[in-house]
Amino acid sequence: MKIYVPDITNACYVVLDNQTIRSYEINPNENLGIQINYRDYFVNSHYLYRDNNETLTTVINCLSGEQLTNDWYYRNDLADILIIITVFCVFCFYIPLVVFSRLFKRFR
């Protein structure tokens, strides 16, 4: 199974828990002891992110490139997005269309 990450440009990705994916700018295993910038993606919060930095002293296991994807249909909030789009279309297109069609029927 692939894991969705909004942009795959950084060197190392780690799954911290079932709600957070951490993306390191440079490979932390090759740069132990220096400050490394990272970005935490919150999976269950529509992939909001928070940037920060830390100094690592232990080796971590990075995910392989085959496990990651940035294809939108792997998002876990895809159903929420489709429901929002459907509701938006109903209120912005269908309801005004019905109102205008009934309004113009009366003036014939």
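What you see is a predicted model; the values in this text were computed from it and never measured. Throughout, residues of each chain are indexed from 1 in the direction in which the sequence is written. The model is predicted, so local features are restricted to residues of pLDDT at least 70 and side-chain atom pairs to those at 80 or more, both for listing and for counting; the totals for chains, interfaces and linings are taken over all residues. Side-chain numbers here rest on the full set of heavy atoms in the structure, without hydrogens or water.

A.B. asks: What is the right way to look at the state of the cysteines in this model?
C.D. replies: Throughout this description, disulfide means a covalent bond between two cysteine sulfur atoms. To count as a disulfide, a pair of cysteine sulfur atoms needs to be within 2.5 Å. Under the criterion given, the structure shown has one disulfide. Each disulfide pairs two cysteine sulfurs, and for C12 the partner residue is C62, the sulfurs being separated by 1.8 Å. Taking the torsion about the S-S bond as the criterion, the C12 to C62 disulfide, at about -95°, is left-handed. With a gap of 50 residues between them, C12 in strand β2 (residues 12-17) and C62 in the loop between β5 (48-55) and β6 (68-69) connect regions that are remote in the sequence. On the basis of relative accessible area, C12 is assigned to the buried category, the value being 0%. Relative accessibility under 20% of the residue-type maximum defines a buried residue, over 50% an exposed one, and the middle range a partly exposed one, all with a 1.4 Å probe and only protein chains included. With relative accessibility at 29%, the residue C62 sits in the partly exposed group. As a non-bridged cysteine, C89 has C92 as the owner of its nearest cysteine sulfur, 7.6 Å distant. Secondary structure elements follow DSSP: runs of H or I of four or more residues count as helices, runs of E of two or more count as strands, with numbering from the N terminus.

A.B. asks: Before we go on, may I ask you to explain the sheet that holds strand β4 (residues 35-42) in this structure?
C.D. replies: Note on sheets: strands pair through backbone hydrogen bonds, and any given pair is parallel or antiparallel. Pairing between two strands requires that DSSP report at least two bridges joining them. Taken in spatial order, the four strands line up as β2-β3-β4-β5 in an open sheet, and their pairing is antiparallel. The open sheet terminates on both sides in strands that have one partner only, identified here as β2 and β5. Taken over all neighbouring pairs, the strand axes of this sheet differ in orientation by 25° on average, direction set aside. Pairing of strand β3 (residues 20-24) with β4, which is carried by five bridges, proceeds in the antiparallel orientation. Fitted lines through C-alpha atoms serve as axes, helices being fitted only where they are in contact, and the angles separating the N-to-C directions of these axes extend from 0 to 180 degrees.

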